[in-house]
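Here is what each chain is made of, one letter per residue.
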Amino acid sequence: METIAYKVEGQIVDIIGNKVFGGQVLIKDGKIDSIIEKEVSSSHYIIPGFIDSHIHIESSMLVPSEFARVAVTHGTVATVSDPHEIANVLGVKGIEFMIDNGREVPFKFYFGAPSCVPATDFESSGAKITPDILDQLLQRDDIKYLSEMMNYPGVIHKDPIVMEKIAIAKKYNKPIDGHAPGLIGEEAKKYIEAGITTDHECYTIEEALDKIKYGMKVQIREGSAARNFDALTPLLYDNDKDILFCSDDKHPDELIHGHINLLVKKAVSLGHDPIKILRIASLNPVEHYGLDVGLLQKGDDADFIIVEDLKEFNVLQTYVKGELVAEGGKSLIQSVDIKPLNVFIDNAITEKDLKIKAESDKLRIIKVIEGELVTDSFVTTPKIVNNEAVTDIDRDLLKMVVVNRYTNQPPAVAFINNMGFRRGAVALSIAHDSHNIIATGCSDEEITRAINLVIKNKGGIAIVDHNNEDTLPLPVAGLMAVDTPWNVGHKYARLNQEAINLGTHLKAPFMTLSFMSLLVIPTLKLSDKGLFDGDEFKFVSLFE
């Protein structure tokens, strides 16, 4: 076997030895053969690559191989990835698709076994991950951890199925990720003592400190759907050993402009020691999850980046296992062939399917709250025409529809307020957590057309405005495109702007709509089975 060796020179940032020095790194056969301290002419800095400690790759609308192509341009060399979204659609086959596709490129994907598929039985999903299936997954070396345990009430109250899943992860000595927004005090203690080791859902400093006190690692999240960096930055002063960086959900229009590098830059701009911040971005996730990612030490895999300075962190080059994968903002990873995996029945609907008989003069309404996953709700008098409850644009009472993509059944229809559309309709097959089709709009005719466009494409995003139509096909599980990150990012940004042009005041209308079927987040949501009260955790009627 031919030996491949080369060297790079610059200011070496040793996050283990806590020092910076001029020197030379010798790479041989993908590993760091030696590090020599010496005077060098280069003023650029050699640092460990960045790691996203919790992300759903599917939320980027990119398959893993394409995600890697753009992530390396920002200095990311690895992710801790929860395939929860595709598992809801395709089960184990979906998880295996993500693993296999990720292996096609020089990037380090570490996938987990989803713990909550489906999140509830009050919606229709494409698959279920039972304890027996979890056991099979967690035996695998390429499954690194049990993904976020969203059912925190089940943990606290020791639900037998939940505790069985946790026990399986412990049996194989795999870390267990958490998901417990707002949990503090004794309940947080019980949750953590059950074996939950991380949480990316903290949104106040008090909550984060409480969880750290009881032994948990806190992942500071700065994604597209939720941004907690500003609220949690005080943790960086005294709790840096218990902190990791993550994005959770990163949409393609934002991913093409930056990733974990933006958190590193922001933290350093606040006056924090660059070495401490680089430990958070690389060392901490490696140690917590047991990742095989190099940390710029002799004998490590040569996973590192070269940046212009330790202020802006402009990435000049990225290396994974010694291979140069990005240079000057350009990805050197090539696209690979993708065979879309999907399940999407032809369940085209008609306008007649959306008609709602007025059963009373008291109609329950879902109220959107800008920038939040939670909703409010209220009861009002519907606009009634020919004994039917109809859309009332003047009061911003629009129909919202969820169509089951897995079996042929009538759509569920409700009313939503504060989406703000004045014309047109939008539909998408990204609808947390089971990813049925969700839509809203200003007329039954346009809503129907938008939904049927998504069905025709076997997944994606559609927007209809009178006679105009635009789509972003997502043929991989109805969640991901077969295209480059830059094309998908620009298309998504264009569609988002077109949706805003329909009159909504929401900054991210597609993202907001996608969470209106997430039943585990209160107050009032809509699944394919009907209107659901997340506080009472039961179905409720549309009319009082």
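For the structure itself, look to the data block above.
For the structure given in this document, a descriptive report is provided here.

Criteria and thresholds
- Residues numbered from 1 in each chain as written.
- Predicted model: local features only at pLDDT ≥ 70, side-chain atom pairs only at ≥ 80, totals over all residues.
- Heavy atoms only, no water.
- Core = buried A, V, L, I, M, F, W, Y, C linked by side-chain atoms within 4.5 Å.
- Buried < 20%, exposed > 50% of the residue type's maximum accessible area, 1.4 Å probe, protein only.
- Helix = DSSP H or I, 4+ residues; strand = E, 2+ residues; numbered from the N terminus.
- Pairing = 2+ DSSP bridges.
- Phe/Tyr/Trp six-rings, centres within 6.5 Å; stacked < 30°, edge-to-face > 60°.
- Axes fitted to C-alpha atoms, helices over the stretch in contact; angles between N-to-C directions.
- Contact = heavy atoms within 4.5 Å.

1. Brief notes about the nonpolar core
Thought 1: In this structure, F245 and I451 are the most contacted members of the largest nonpolar core, which totals 171 residues.
Thought 2: A per-element tally of this core places helix α13 (residues 274-289) first, with 8 residues.
Thought 3: In terms of nonpolar packing, the next biggest core, distinct from the first, is built from 12 residues, V8, I12, I32 and I46 among them.

2. A short note on the sheet that holds strand β13 (residues 304-307)
Thought 1: Pairing is mixed across the open sheet formed by 8 strands, whose spatial order is β3-β2-β1-β4-β13-β14-β15-β16. Single-partner strands in this sheet number two, and they are β3 (31-37) and β16 (330-331).
Thought 2: Here strand β2 (residues 19-28) runs beside β3; their pairing, made up of 6 bridges, is antiparallel. Bridging across to β3, Q24 finds its partner in I36.

3. Side note on the packing of aromatic side chains
Thought 1: Under the counting rule described, the total for this entry stands at 14 aromatic pairs.
Thought 2: Each ring, one from F229 and one from F245, has its centre 6.4 Å from the other, and the planes form 45°; the classification is tilted. Within this pair, whereas F229 is found in helix α9 (residues 229-232), its partner F245 is found in strand β12 (residues 243-246), the two being separated by 16 residues in sequence. Each member of the pair, F229 as well as F245, carries the same accessibility label: buried.
Thought 3: Centre to centre, the rings of F304 and Y319 are 4.5 Å apart; their planes meet at 20°, and the pair counts as stacked. One end of the pair, F304, is in strand β13; the other, Y319, is in strand β14 (residues 315-320), and 15 residues separate them in sequence.
Thought 4: On the basis of relative accessibility, which here comes to 6%, the residue Y319 falls in the buried class.
Thought 5: Taken together through their ring pairs, the aromatic side chains of F67, F107, F109 and F111 make up a single cluster.

4. Some thoughts on the sheet that holds strand β21 (residues 397-403)
Thought 1: Pairing is mixed in the open sheet, where 8 strands are placed in the order β18-β17-β22-β21-β24-β23-β25-β26. Edge positions in the sheet fall to β18 (375-380) and β26 (468-473), since each has one partner strand and no second. Strand after strand, the sheet turns through a mean of 25° between neighbouring axes, direction not considered.
Thought 2: Note: strand β17 (residues 363-368) against β18, 6 bridges, orientation antiparallel. The partner of V368 across the bridge, within β18, is T375.
Thought 3: In the packing of helix α14 (residues 444-456) onto the sheet, contacts are made with β21, β23 (425-428), β24 (437-441), β25 (460-465) and β26, and the angle to β25 comes to roughly 150°.
Thought 4: Against the sheet, helix α15 (residues 485-501) contacts β23, β25 and β26, and its axis sits at roughly 145° relative to β26.

5. Quick word on the environment of P285
Thought 1: Inspection of the secondary structure puts P285 in helix α13.
Thought 2: Each C-alpha atom, one on P285 and one on E469, is 44 Å from the other, the two residues being 184 residues apart in sequence.
Thought 3: Beyond its immediate stretch of four places on either side in the chain, P285 contacts I51, S53, L244, R279, I280, G290 and L291.

6. Some words on the pairing of β21
A regular strand places its side chains so that they alternate between the two faces of the sheet.
Thought 1: Of all 7 residues in β21, 7 are buried, a share of seventy percent or more.
Thought 2: Both faces of β21 are covered, namely the face carrying L397, K399, V401 and V403 and the face carrying L398, M400 and V402.
Thought 3: Note: β21 against strand β22 (residues 412-417), 6 bridges, orientation antiparallel. Bridge pairing in β22 links K399 to F415.
Thought 4: Strand direction decides the pairing type here: β21 and β24, joined by 5 bridges, are antiparallel.

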